[in-house]
Amino acid sequence: MNDLAEARLMLLDLCHGKTDPLPSELLVAQVLAHHGDASWAVKREAMAAVLRRLASGRREGLKVASGPAGGEPLGLYRTRRRRAALRPYRTVLRGLAPLETSCDCPDFLRNSLGLCKHALAVLTDLAARPRRFARASRAARASQPRLVWDPILPLEGEGDWLARLRLERAGRPELPGTMRHVGLRFRRGDGRLRQTFRDRPGTRLALVEELLEVQQGAAYRDADPALEALLIQEQVRLSRLCEDRRRLGPAKKALRALKQPLYPYQSEGTERFLREGRLLVADDMGLGKTAQAIAAAHALWSCGAVRRGLIIVPASLRDQWRREWASFTDAPVRVVDGPAAGRHRLYRQRPEGFLLASYASVRRDLHAIRAFDAGMVVLDEAQRIKNWETRTAAAIKQLDAPYRLVLTGTPLENRLDELASIMDWVDDRALEPKWRLSPAHTVTADGAREVVGVRGLDTLRRRLAATMVRRTRPEILDQLPPRTETVIPVALTPEQWEAHEDLDPPIRRLLATGRRRPLRPQEFHRLMSLLTHQRIAANGIAQLDFERLWPSLSVTGPDPIALGEAGSPKLLELRKIVERVVLGEGRKVVVFSQWRRMLTLAHWAVSDLLEEAGLRAAFFTGKEGRRRREQNLVDFHDDPAARILFATDAGGVGLNLQRAASCCVNLELPWNPAVLEQRIGRVHRLGQRSPVEVYNLMGRACIEERMAATLSDKRALFSGLFDGEADEIRFERSGSFLSRMERVLGPEPGAPTSAPASLRAERGGGSAAAPEHRLLPAAELGRLLSGLRIQSRADGGLGIQASPEAAKLLGPLFEGLAGLLARASGAEV
């Protein structure tokens, strides 16, 4: 049995009992006709996508409301939902052998299936009438020349929908009068368009209008609702784009009136948006995305292209945006705040200028905001809409502004689907169809579970290029101060280690269950809770048992006895950093943690040092009210005595702290490397004039140290798609979440332990002494590598500093690697 025959049987099995009275063979043939050359994962997901649409139509009670004239089975249909008005979409059935349908609903235009729920409702209605279904199977197709659009987007290439249009002459070399002129646009051989003029909006607009005239004059049986809808949409888009190009000159001239000049790459990004009208700016953290957005708004306001605009930002950043706005432009801006009645009144008044609103208020005020009729909408920290199933994402995507500017330094944190959700509002064609994104671009080792890489990145880059711009730190390294990152490995106390190890058995049991079958929701939540408790144990006993220990700690100062009771060596390391950086060097520091309780303990641990020096700290977390957070931020910038800002990831998104602090301390490493970069990017960004120091505190030989190695997959995906050139990336450490957690957990009981040598000796594990020449255990090698200090030099190079112990043991390793690389390249050793 060949692969295609086997795939047919497996797809029929997927359809079993789900399609009656519609023959499963018809739908399977459709999938294989369009996706037969694709991988099994793509075929399976295509079948699943068809079945989802069939089930959706049946849940809605979608029925045929009217059909072709004269009772013909082929032709134009209209559908309606149960006890509802006629649907606004037209559905055409051209034939059953092979199956050919068309519909002007948004789903058909984008899904690359050649089917939608309306077409499936028509087919189901026919299948319920065997004689009519047989007539449709035998019915002859129209023979006159017509325009034919292929609804299936190829897996590779730029993805221009117009390139999939062809002129079908149907055996007639001579075209009718209405087609004769436009026929010159098509090649004689394959009927494809000679050119689509993708980079020439004016010429493409003329082509689209010619094609639309022909299509709207097509005979009844040749109507193609999908093609007509696409041509109308393209006509609107190109008309807007041509108008934007005409305004580009005055808009660029208006940029000269900004109060602050832009960096060259910022001017390039701003002008790119003014030219395109819709853009995702995915610049690295700290490269001035806010400045580019303000400059674009200023330009559009000044040249009269936009009279009302909406800036949507996290609530904690509205005042920060207002301050930065005032430093660039005098265009009017107001913060949307207060009770709902006042907010709605403001939107109804439709004042000219720009409004600053929060994501939460958009969900609540959507109806009023749509009445405001903003000509420009800006989304800051747009990863808030990375999940299209959330109410926030659904609300944002109902804003139909002509100018759309999206800002995020992390357009992709975990999955390609996140990027697709963000792009959906900017360019809904760039990453279509969504059902195919993951199966077409992920490489698996064991079916759908073990992900070992990503592929087809070149295609994704090409399809994103038109509406996304990204610049990285290395591109502007000469404009940023040096940044030094130091990982400080912190040994766990015996009590911490015991609490950490006690959680291993239940975690292993759940992972073993996950190998046998999918975990139930409550089991998965239990697993995540246990892993979180291990991470908290690595932070300290005081955080793990906060409710019991904090009442007694809070009434005493952080004396040696109290610090010992806290059971958190990280707090002792933080005290050392504060003594050196804050007290010794007079600098300001931002201290990050995922947990507010850890920040509370950190504040307590350094409170005596600050008090003796007449200094203080402030908090910027989700626990403080908005006004308190804003005041704390002002104090941290303006009050010389406010030396430390304790911030959580939730509270710290979008903060610009480069003019206040030059040091960042991470009390623990987050799961996601993008979150870590966000933290550091609050300080190391444009406008920073001092060298930046970053200290990452990492529990040694525990979940923290081991999970750091699993972050390489996410780094590889992000940098490979946005910053690389390779078409495929194989992950160094790949796998599903559960398999990654097995690696994080470490060896099974009875295998050599990775506990620190001091703890092994304390538990009767023997001496920690090692022979002069030995193979380094993974944990020890990780400790030595984590102690390396890597610093950016002014010339763009890197400097590496190592302790004497690390230099002695790692020196031969580096020398050996250098020799291997030299021999591999044919160089002299």
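Rules used in this analysis
- Residues numbered from 1 in each chain as written.
- Predicted model: local features only at pLDDT ≥ 70, side-chain atom pairs only at ≥ 80, totals over all residues.
- Heavy atoms only, no water.
- Helix = DSSP H or I, 4+ residues; strand = E, 2+ residues; numbered from the N terminus.
- Buried < 20%, exposed > 50% of the residue type's maximum accessible area, 1.4 Å probe, protein only.
- Contact = heavy atoms within 4.5 Å.
- Areas by Shrake-Rupley, 256 points an atom, 1.4 Å probe, with all protein chains shown as cover.
- Phe/Tyr/Trp six-rings, centres within 6.5 Å; stacked < 30°, edge-to-face > 60°.
- Lys NZ or Arg CZ within 6 Å of the ring centre and 35° of its normal.
- Pairing = 2+ DSSP bridges.
- Axes fitted to C-alpha atoms, helices over the stretch in contact; angles between N-to-C directions.
- Salt bridge = Lys/Arg side-chain N within 4 Å of Asp/Glu carboxyl O.
- Parallel < 35°, antiparallel > 145°, perpendicular 65-115°, else oblique.
- Left-handed = near helix turned anticlockwise from the far one by under 90°.
- Polar contact = N/O pair within 3.5 Å; in protein donor to acceptor, adjacent residues only side chain to side chain.
- Core = buried A, V, L, I, M, F, W, Y, C linked by side-chain atoms within 4.5 Å.
- pLDDT = per-residue confidence, 0-100.
- Disulfide = S-S within 2.5 Å.
- Nonpolar A, V, L, I, M, F, W, Y, C, P; charged D, E, K, R; others polar.
- Patch = residues over 30% accessible without salt bridge, like charges linked within 9 Å, V, L, I, M, F, W, Y side chains within 5 Å.
- Lys, Arg positive; Asp, Glu negative; His and termini not counted.
- Charge placed at Lys NZ, Arg CZ, Asp CG, Glu CD.
- Expected span 1.5 Å × (residues − 1).

Draft legend 1. Quick look at the overall build of the chain. Regarding its fold elements, the chain presents 35 helices and 24 strands. Of all 829 residues assigned to the chain, the portion counted as buried reaches 54%. Counted over contacts in the chain with a minimum sequence separation of 6, partners at least 24 positions apart contribute 71%. Carbon together with sulfur atoms contributes 52% to the accessible area of the chain, which is approximately 37000 Å² in total.

Draft legend 2. Focus on the packing of aromatic side chains. In the structure shown here, the tally under the stated rule is seven aromatic pairs. Here the aromatic cluster, defined as three or more aromatic residues joined through ring pairs, consists of W301, W325 and F354. A cation over a ring is seen here: R307 above W301, with NZ or CZ 3.9 Å from the ring centre.

Draft legend 3. Here's a closer look at the sheet that holds strand β15 (residues 468–469). Strand order in the open sheet formed by seven strands is β9-β10-β8-β11-β12-β7-β15, with parallel pairing between adjacent strands. Only two strands of the sheet have a single partner each, and these edge strands are β9 (333–335) and β15. Pairing between strand β7 (residues 278–281) and β15: two bridges, direction parallel. For V281, the partnering residue across the bridge sits in β15 and is V469. Sheet strands touched by helix α10 (residues 264–276): β7, β11 (376–379), β12 (403–407) and β15. Its angle to β7, the strand with the most contacts, is close to 150°. Sheet strands in contact with helix α14 (residues 359–372) are β8 (308–313), β10 (353–358) and β11, and its direction is about 145° off that of β10.

Draft legend 4. Region of interest: the pattern of salt bridges. Enumeration according to the criterion identifies 57 salt bridges in this entry. Here R237 ties to E234 by a salt bridge, and the two come within 2.9 Å at their closest N and O atoms. Taken as a pair, R237 and E234 lie in helix α9 (residues 225–254) at a separation of three residues, close to a single helical turn. Classification of R237 as partly exposed rests on a relative accessible area of 34%. Overall, E234 belongs to the buried group, its relative accessible area being 6%. Between K576 and E573 there is a salt bridge, with its nearest N and O atoms 3.7 Å apart.

Draft legend 5. Focus on the packing of helix α23 (residues 546–554) against helix α26 (residues 596–612). Interhelical geometry of α23 versus α26 gives an angle of 25° and a closest axis separation of 12 Å. By the angle between their axes, α23 is roughly parallel relative to α26. In this structure, α23 meets α26 at a crossing whose hand is left-handed. Here F546, E547, W550 and L553 of α23 come into contact with α26, specifically with R597, T600, L601 and W604.

Draft legend 6. Summary view of the environment of E234. In sequence terms E234 and R204 are 30 residues apart; their C-alpha atoms lie 9.3 Å from each other. In this view, E234 contacts W161, R204 and V208; residues no more than four positions away in its chain are not counted. At 2.7 Å, the side chain of E234 and the side chain of R204 are in polar contact.

Draft legend 7. Quick peek at the side chain of E228. Here E228 shows up in helix α9. Not counting residues up to four positions away in its chain, the partners in contact with E228 are R90, L212, Q215 and Q216.

Draft legend 8. Up close: the nonpolar core. Counting 66 residues, the largest nonpolar core has M47, L123, L165 and L211 as the members making the most contacts within it. Those residues in contact with L211 that lie beyond four places of it in its chain are L147, L162, L165, V182, F186 and L231. In terms of nonpolar packing, the next biggest core, distinct from the first, is built from 42 residues, A368, V426, L460 and L464 among them.

Draft legend 9. Quick look at the sheet that holds strand β3 (residues 91–96). Taken in spatial order, the four strands of this open sheet run β1-β2-β3-β4, and their pairing is antiparallel. Bordering the open sheet on either side are β1 (63–66) and β4 (99–103), each of which pairs with just one other strand. Each neighbouring strand pair of the sheet contributes to a mean axis angle of 40°, computed without reference to strand direction.

Draft legend 10. Spotlight on the pairing of strand β17 (residues 589–592). Burial along β17 is two-sided: the face carrying V589 and V591 and the face carrying V590 and F592 are both buried. For β17 and strand β19 (residues 642–647), the ladder comprises four bridges, and the chain directions are parallel. When the bridges of β19 are listed, V589 appears paired with I644. One ladder, built from four bridges, connects β17 with strand β20 (residues 663–666); its direction is parallel. Looking at β20, one finds that V591 is bridged to V665.

Draft legend 11. Molecular detail of helix α16 (residues 416–426). Extensive coverage of α16 is indicated by the burial of nine of its 11 residues. For α16, the set of buried residues is L416, E418, L419, A420, S421, I422, M423, W425 and V426.

Draft legend 12. Broad picture of the environment of R415. As for its placement among the helices and strands, R415 is situated in the loop between β12 and α16. Exposure remark for R415: the relative accessible area of 45% places this residue in the partly exposed category. Distance in space between the C-alpha atoms of R415 and S438 is 8.3 Å, their sequence separation being 23 residues.

Draft legend 13. Fine view of the confidence of the model for the chain. Across the chain, pLDDT averages 84, with 81% of residues at or above 70. Below pLDDT 50 for its whole length, residues 752–776 participates in 31 contacts with residues either more than four positions away or in separate chains.

Draft legend 14. Structural context of the state of the cysteines. As enumerated under the stated definition, the model contains zero disulfides in all. Take C105: it sits in no disulfide, and the sulfur closest to it among the cysteines is that of C116, at 3.7 Å.

Draft legend 15. How the structure looks around the packing of α16 against helix α17 (residues 434–441). The geometry of α16 relative to α17 is characterised by a closest axis approach of 10 Å and an angle of 145° between their N-to-C directions. Here the hand of the crossing between α16 and α17 comes out right-handed. Listed contacts from α17 to L416, D417, A420 and D424 of α16 are K434, L437 and H441. Per-class residue counts for the contact of α16 with α17 are three nonpolar, one polar and three charged.

Draft legend 16. Focus on a positive patch on the surface. Together, R58, K63, R82 and R83 line one region of the surface with positive charge. One can find R83 in the loop between β2 (75–80) and β3.

Draft legend 17. Spotlight on helix α8 (residues 201–216). Under the 1.5 Å per step criterion, the end-to-end length of α8 is 22 Å for 16 residues, consistent within 8% with the ideal 22 Å. Along α8, the residues that are buried comprise P201, R204, L205, L207, V208, E210, L211, L212, V214 and Q215. Where α8 is buried, its residues meet β5 (146–149), β6 (165–168), α7 (177–183) and α9.

Draft legend 18. Spatial organisation of the environment of L14. Secondary-structure assignment places L14 in helix α1 (residues 3–15). Take L14: its relative accessible area is 29%, and that puts it in the partly exposed class. When the C-alpha positions of L14 and A48 are compared, they lie 8.0 Å apart, and in sequence the two are 34 residues distant. Contact partners of L14, with chain neighbours within four places excluded, come to R44, M47 and L51.

Draft legend 19. Structural context of unusual backbone geometry. Along the chain, A97 connects to P98 via a cis peptide bond; the corresponding omega equals 0°. Cis geometry is adopted by the peptide bond preceding P433, which originates at E432 and carries an omega value of -15°. Despite not being glycine, F197 shows a phi value in the positive range, around 55°. In this structure, F197 sits in the loop between α7 and α8.

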